[in-house]
Amino acid sequence: MGGTNVWDAEWEVNEEQARTLIGRQFPQLSSKQVKRLGWGWDNTVFLIGDEYVFRFPRRTIAVGSIRMEGKLLPKLEAYMTLPYPKPLFYGEASDEYPAPFLGYAYVPGDFPIGLTEERRALSAETLAKFLRRMHEFPVQAALKCGVQQDHRSLTDIASRKVKLEGFLSKVVEHLSPEESGVIEAYISRLQTDRVEAVNALLHGDLHFKNMLVNENGIVSGIIDWGDLSVGHPACDLSVAYSFLPPYARGVFFETYGGADEETKLLARLIAVYIPVLILMQAVDDGNEAIAAEAKSNIMRALSD
């Protein structure tokens, strides 16, 4: 079933199948329109009417995440300063579809694609307050819900650097000579092998495809919580580099409550690493808008 890319699906769900699966388990939704919103590495996402979103795992690896989200996301409510998808419908695996699936309240907004730097800067305090509060959630309570602890070895900079070089070699032809030069120079300057471990509850995948903005371009929602984990807060703080212009980072870190140099170093690395992965997938999909946004995220992350 699976293909050659890490994001290839084991199970695909189309609109008709989603309608059937949802209608069988939640008959009260059976009259609503079902529209595919998109898909990520782990899940296919459908809009049900205009008030709910359902996520169906595409791969075995995503099943544990869906179960964990179902347990933990409702507990986060008191810590959330931005709208997020709260689980409302818990779908069970069946003969027709081998995985559990979840239905959430729909969070309205647009992806922050092509925003001006001035618009981005308006979200500095909003993002910092959101992360400060979320990173205060008790780690032990998260672990009890089945959240994994540093399963991605976030603090191992040396191995991430090697992976980043490998990914870059695959997309270098889609970068301008200037872009690839800036990235290569950054990688060669990166001499730290590892930073000290710090534990906080993380969203774990905070980038422009998992953030929503309102009509003024201000962040108005955070979606796709499948990478919830416990690990170094730099993973989420990477948004200060990939999303915010350099001049807005001071107010971001001040509002967040500060960050040491090791944290900022790791945050910047992840702010390059995640958009390179998004760029790889966008190239594979032939999605020029997402590829262009990923490239601008990388360049922003590397500017001071």
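Scroll up to find the structure.
For the structure given in this document, a descriptive report is provided here. Predicted model only: the values in this text are computed from it and were never measured.

**Section: helix 6 (residues 157-171)**
Here's step 1: With 15 residues, helix 6 extends 21 Å between its outermost C-alpha atoms, agreeing within 8% with the 21 Å of an ideal straight helix rising 1.5 Å per residue.
Here's step 2: Within the sequence span of helix 6, burial applies to Ile 157, Arg 160, Lys 161, Leu 164, Phe 167, Leu 168 and Val 171. Considered in projection along helix 6, the buried side chains sweep an arc of 125 degrees and stay on one side of the axis. Exposed side of helix 6, more than 90 degrees from the buried face: Val 162 and Lys 170 are the residues found there.
Here's step 3: Check the buried side of helix 6 and you find it contacts helix 7 (177-189) and helix 11 (261-285).

**Quick notes on the packing of helix 7 against helix 12 (residues 288-301)**
A pair of packed helices is captured by two measures, namely the crossing angle of their axes and the spacing between those axes.
Here's step 1: Taken N-terminus to C-terminus, the directions of helix 7 and helix 12 make an angle of 45 degrees; their axes are 10 Å apart at the nearest point. Looking at the two axes, helix 7 sits oblique to helix 12. The hand of the helix 7/helix 12 crossing is left-handed. Each of Glu 179, Val 182 and Ile 183 in helix 7 lies in contact with helix 12, whose residues at this interface are Lys 295, Ile 298 and Met 299.

**Let's talk about unusual backbone geometry**
Here's step 1: We note that Ser 153 has phi near 45 degrees; this positive angle belongs to a residue other than glycine.
Here's step 2: Tracing the chain through its elements places Ser 153 in the loop between strand 6 (148-149) and helix 6.
Here's step 3: The residue Asp 224 is not glycine, and still its phi comes out positive at about 55 degrees.
Here's step 4: Take Asp 224: it is sitting in the loop between strand 9 (219-222) and strand 10 (229-231).
Here's step 5: For Asp 224, a relative accessible area of 25% gives the class partly exposed.

Thresholds, definitions, all that
Residues numbered from 1 in each chain as written. Predicted model: local features only at pLDDT ≥ 70, side-chain atom pairs only at ≥ 80, totals over all residues. Heavy atoms only, no water. Helix = DSSP H or I, 4+ residues; strand = E, 2+ residues; numbered from the N terminus. Expected span 1.5 Å × (residues − 1). Buried < 20%, exposed > 50% of the residue type's maximum accessible area, 1.4 Å probe, protein only. Arc of directions from axis to C-beta. Contact = heavy atoms within 4.5 Å. Axes fitted to C-alpha atoms, helices over the stretch in contact; angles between N-to-C directions. Parallel < 35°, antiparallel > 145°, perpendicular 65-115°, else oblique. Left-handed = near helix turned anticlockwise from the far one by under 90°.

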